[in-house]
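# Structural overview for review
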Amino acid sequence: MGTPDGSTPHAKPPWWLKPANKLFIQMSKLGISFGGESPVVLTVPGRNSGVPRSTPITPMTVDGRRYVVGGFPGADWVKNVRAAGEVTLRRGRTTERVRMVELSAEDAKPLLRAFPTEVPTGVGFMKRSGLVKDGRPEEFEALAGRCAVFRFDPLD
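Residues numbered from 1 in each chain as written. Predicted model: local features only at pLDDT ≥ 70, side-chain atom pairs only at ≥ 80, totals over all residues. Heavy atoms only, no water.

The name given to the protein chain in an unreviewed UniProt entry is Deazaflavin-dependent nitroreductase, and the organism recorded there is Mycobacterium simiae.

## Comments concerning unusual backbone geometry
You will see that Asp 63, though not glycine, has its phi angle at about 50°, which is positive. Its place among the elements puts Asp 63 in the loop between β3 (60-62) and β4 (65-69). (Helix = DSSP H or I, 4+ residues; strand = E, 2+ residues; numbered from the N terminus.)

## Topic: the sheet that holds β3
The seven strands are arranged β2-β1-β5-β6-β7-β4-β3 in an open sheet whose pairing can be described as antiparallel. The strands lining the two open edges of the sheet, one partner per strand, are β2 (52-57) and β3. Ignoring which end each strand starts from, the neighbouring axes of this sheet average 40° apart. Judged from the three bridges that link them, β3 and β4 form a sheet pairing that is antiparallel. (Pairing = 2+ DSSP bridges. Axes fitted to C-alpha atoms, helices over the stretch in contact; angles between N-to-C directions.)

## Thoughts on the packing of aromatic side chains
Here the structure, examined in full by the defined rule, presents two aromatic pairs. Note on Trp 77 and Phe 150: the rings are 6.1 Å apart at their centroids and 45° apart in plane angle, and the pair reads as tilted. Pair noted here: Trp 77 is in helix α2 (residues 76-84) and Phe 150 is in strand β7 (residues 149-154), with a separation of 73 residues, a long-range link. Given a relative accessible area of 1%, Phe 150 falls into the buried group. (Phe/Tyr/Trp six-rings, centres within 6.5 Å; stacked < 30°, edge-to-face > 60°. Buried < 20%, exposed > 50% of the residue type's maximum accessible area, 1.4 Å probe, protein only.)

## Overview of helix α3 (residues 105-118)
Between the first and last C-alpha of α3 there are 19 Å, a value that for 14 residues agrees with the 20 Å anticipated at 1.5 Å per step. Restricting attention to buried positions, one finds in α3 the residues Ala 108, Leu 111, Leu 112, Ala 114, Phe 115 and Pro 116. On its buried face, α3 is in contact with β3, β4, α4 (120-128), α5 (137-141) and β7. (Expected span 1.5 Å × (residues − 1). Contact = heavy atoms within 4.5 Å.)

## Overview of the side chain of Asn 80
Along the chain, Asn 80 falls in helix α2. Judged by its relative accessible area of 5%, Asn 80 is buried. Ignoring any residue separated from it by four or fewer positions in sequence, one finds Asn 80 in contact with Val 44, Pro 45, Gly 46, Arg 47 and Arg 53.

## As for α2
The complete set of buried residues in α2 reads Trp 77, Val 78, Asn 80 and Val 81. Axial view of α2: buried residues confined to an arc of 160°, hence all on one face. On its buried side, α2 packs onto β1 (40-45), β2, β4, β5 (86-91), β6 (94-102) and β7. (Arc of directions from axis to C-beta.)

## Comments concerning the side chain of Asp 153
Structurally, Asp 153 can be placed in strand β7. Separated by 2.7 Å, the side chains of Asp 153 and Arg 65 make a polar contact. Apart from the residues within four sequence positions on either side, Asp 153 is in contact with Arg 65, Val 98, Arg 99 and Val 101. (Polar contact = N/O pair within 3.5 Å; in protein donor to acceptor, adjacent residues only side chain to side chain.)

In structure tokens, the structure reads:
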């Protein structure tokens, strides 16, 4: 059953996401980009176990600041970031520690609206997952409050 805009109310990650993420993490370690974009590997302690958990993400830069959109409501990495606040980002052999600040739904709207232009590979992914129907900026903006948006702040 869909919503009026054609998206599913409770999108779930596709079955192939975890194996694909493992492959993307290995490719990132080698400095290989995929989809024409430059992903990074985000590593954060698990909120219950404390064991480091890694996932590939594709940050975007808007007005000189870096952000990332959580592709699925309730994603484990999003919950872990909320609990930890600080993460390690790795691209190839370069690592950095950053603080991740979650934006309010209102502050997230313009960034979600920019997402289709800034992260075009993410559009197809979110269409296939049922979060958006056509991939128009308005559809992404409507995800404010459902999909987390984080800003990366440097640690002082």
